[in-house]
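# Examination of the molecular architecture
Residues per chain, in single letters:
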Amino acid sequence: MKTYAPILTLEVHHGYYQSGRSGDLGFETSASSQELIKGYRLRLKQVATGFQLFAPMLNGTAFIDLPAEMELSWQMKVHSPRFWQITELPAKNSGEAYSLSNTDESWGTTDFGTYGGMYQGRVEEEPNQTAVTSKIKGGIRAGISPDPFAQAFGSLQIRFAPSLQKTLGLSMQFEAKHETWRYFIVTTSAIPFDQEFSIEIQGNVEPFVAMNLDQLSDPLESRTYQGLFQQYPGQLIYGFRSTNKIAFQERPNLGLILKQKKNTQWTEILTDLPAPTSNNHGLHIVTHPIVSTS
């Protein structure tokens, strides 16, 4: 009986999504790889979050002897424009592309960690087992390569020893976009300006500072303040900025609380704050909230 066994899988993960998986990237098989896949009667199955490659078996043995080593390549494409808003990526110039490879001749010599852990590659002998990186010849590498024809993402190159007994499992991990969070508060209640502030986000206490609205150097902050000043004459306007950059999430926290440190005690001054989103560049405006300064 003819059946098919997986010899290679790739899954795209993303820290922004609640599921941890992403369907933002597509993989277009190169012409040379299509010929190899056809010649060995392999089946390539595109799935929402990556792809799977299967080899034919007949009565439990290989239908066609597989080569000792195989090299395949894909062109990576971004399906969703939102990907650029939610993904932490290193800067690149026009005519360059983000590419991944594990071939010895790869241009990439920088490990994934250089880019803040945005990508990860692994081989698993069995699901949920410890990664065996030595099974990937040369190690998966990420980098930026000259590619004037690619639309931001270039090629994915994989060289591996196909086996019916062990599936080569690769994972591509993208880090969620981090941005400075900013709140502009329009209120009639005075908030002490010279205090420490913080918001607990995903279990982490993130420090915030009060902006000096008369000395804003950031164009977005300056435009926002000037607009609010004209729209709400006579109102008090405050700005708070996170000290650290904070990751965006698909389903952000609701009901965040801005706290103020008085002496050694933290007290709540603003409740039910929404989390800023990537759509507004991490900036959120709150008008006429209930302010507690007791």
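Reference entry: report on the structure contained in this document. What you see is a predicted model; the values in this text were computed from it and never measured.

Once that is clear, we can look at the nonpolar core. In terms of nonpolar packing, the biggest core is built from 27 residues, with Leu 8, Leu 10, Phe 27, Leu 156, Ile 158, Phe 160 and Met 172 touching the most fellow members. Elements supplying a minimum of two residues to this core: strand S1 (2–14), strand S2 (25–29), strand S4 (50–58), strand S6 (70–78), strand S7 (96–101), strand S9 (153–160) and strand S10 (168–174). Ala 176, Phe 197, Phe 248 and Val 291 belong to the second largest nonpolar core, which has 24 residues in total.

The next point concerns the sheet that holds strand S11 (residues 178–187). Adjacent strands of a sheet form backbone hydrogen bonds with each other and so pair up, either parallel or antiparallel. Taken in spatial order, the 7 strands make up an open sheet running S16-S15-S12-S13-S14-S11-S17, and their pairing is mixed. Two strands in the sheet have a free side with no partner beyond their single neighbour: strand S16 (265–273) and strand S17 (283–287). Looking at each pair of strands side by side, their axes are set apart by 25° on average, direction ignored. Bridging between strand S12 (residues 196–201) and strand S15 (residues 256–262) involves 4 bridges; their strand directions are antiparallel. Across the sheet, Ser 198 pairs through a bridge with Lys 259, a residue of S15. Those strands touched by helix H3 (residues 219–231) are S11, strand S14 (236–247) and S17, and its axis lies near 15° from that of S11.

Turning to its location among the elements, Lys 262 is positioned in strand S15. Relative accessible area serves as the criterion here: at 23%, Lys 262 is assigned to the partly exposed category. Separated by 65 residues in the primary sequence, Lys 262 and Phe 197 have C-alpha atoms spaced 9.5 Å apart.

The rules we used
Residues numbered from 1 in each chain as written. Predicted model: local features only at pLDDT ≥ 70, side-chain atom pairs only at ≥ 80, totals over all residues. Heavy atoms only, no water. Core = buried A, V, L, I, M, F, W, Y, C linked by side-chain atoms within 4.5 Å. Buried < 20%, exposed > 50% of the residue type's maximum accessible area, 1.4 Å probe, protein only. Helix = DSSP H or I, 4+ residues; strand = E, 2+ residues; numbered from the N terminus. Pairing = 2+ DSSP bridges. Axes fitted to C-alpha atoms, helices over the stretch in contact; angles between N-to-C directions. Contact = heavy atoms within 4.5 Å.

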